[in-house]
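Structure at a glance
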Amino acid sequence: MGKLLVVLCLVVGWLGLVSAGLVSAARYDSKPAPVRATTPAFPGGGAISLAKDRPTIVLFAHPECPCTKATLHQLEEAQAKATRKASIYIVFATPEGLPVGDGSQVLIKQARQIKGATVIEDDGLALAKRFGATTSGQTFVFDPGSTLLFKGGLTRARGHYGNSLGAESLLSMMDTGKPVATETPVYGCSLGL
């Protein structure tokens, strides 16, 4: 009877730890990253230029953030579905001194496969600072007149694929010029700002 009680206690304790881990992981996945206030207009200058005939999308990505794979997928899917394509810039914001690993090469390759996308490496975070980007996956959409139409993330949680308010807004802006929502939460790694 004593051994059975010990085994039962161990099993109950193990199940409690597993449950706590799952709850913690779910909270992390669904907790948006903090973001800063951004400018209401295109900040201009540098390697990113505003398209005069269609929306301009600027997406910031940390080169080692595993969540970014889903964000890039959402962007690629919206661009493929849209009847009116956007001008897209994917900015890999790299803090000084960050060693480039295999993960960054996979993400950069994925970004380069998105039709119409220009990939930029932002060593030292100068572009991220100018746009006010603080989190991987943070996306800004500007109209041809330089007005900020949308800011936020394209996934519904960290690393999650599928329908999201951000992806719906992106597609709507590309097709109609109007977002479903003007702001959504961002789920991703900090850019180090």
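As the structure is a computational prediction, the values presented were derived from the model and not from experiment. (Residues numbered from 1 in each chain as written. Predicted model: local features only at pLDDT ≥ 70, side-chain atom pairs only at ≥ 80, totals over all residues. Heavy atoms only, no water.)

**Some details on the packing of aromatic side chains**
All told, the structure shown has six aromatic pairs when counted by the stated rule. Their ring planes at 55 degrees and their centres at 5.5 Å tell us that Phe60 and Phe131 sit as a pair that is tilted. In this pair, Phe60 is assigned in strand β1 (residues 56-61) and Phe131 in helix α4 (residues 126-131), connecting sequence segments 71 residues apart. Ring centres 6.1 Å apart and planes at 85 degrees place the aromatic pair Phe60 and Phe140 in the edge-to-face group. Placement of the pair is Phe60 in strand β1 and Phe140 in strand β4 (residues 139-142), with a sequence separation of 80 residues. Relative accessible area serves as the criterion here: at 1%, Phe140 is assigned to the buried category. Site record: aromatic cluster; members linked through ring pairs are Phe42, Phe60, Phe131, Phe140 and Phe142. (Phe/Tyr/Trp six-rings, centres within 6.5 Å; stacked < 30°, edge-to-face > 60°. Helix = DSSP H or I, 4+ residues; strand = E, 2+ residues; numbered from the N terminus. Buried < 20%, exposed > 50% of the residue type's maximum accessible area, 1.4 Å probe, protein only.)

**Concerning the sheet that holds strand β3 (residues 117-123)**
Read across the sheet, five strands follow the order β3-β2-β1-β4-β5 without closing on themselves; strand pairing throughout is mixed. Edge positions in the sheet fall to β3 and β5 (148-152), since each has one partner strand and no second. When strand polarity is set aside, the average angle formed by the axes of neighbouring strands in this sheet is 15 degrees. Looking at chain direction, β1 and strand β2 (residues 87-94) are connected through six bridges and run parallel. Directly across from Val58, in β2, lies its bridge partner Tyr89. In the packing of helix α2 (residues 68-81) onto the sheet, the strands contacted are β1 and β2, and the crossing angle to β1 comes to about 165 degrees. Here helix α5 (residues 165-176) sits on the sheet and contacts β1, β4 and β5; the angle it forms with β5, its principal contact strand, is near 160 degrees. (Pairing = 2+ DSSP bridges. Axes fitted to C-alpha atoms, helices over the stretch in contact; angles between N-to-C directions. Contact = heavy atoms within 4.5 Å.)

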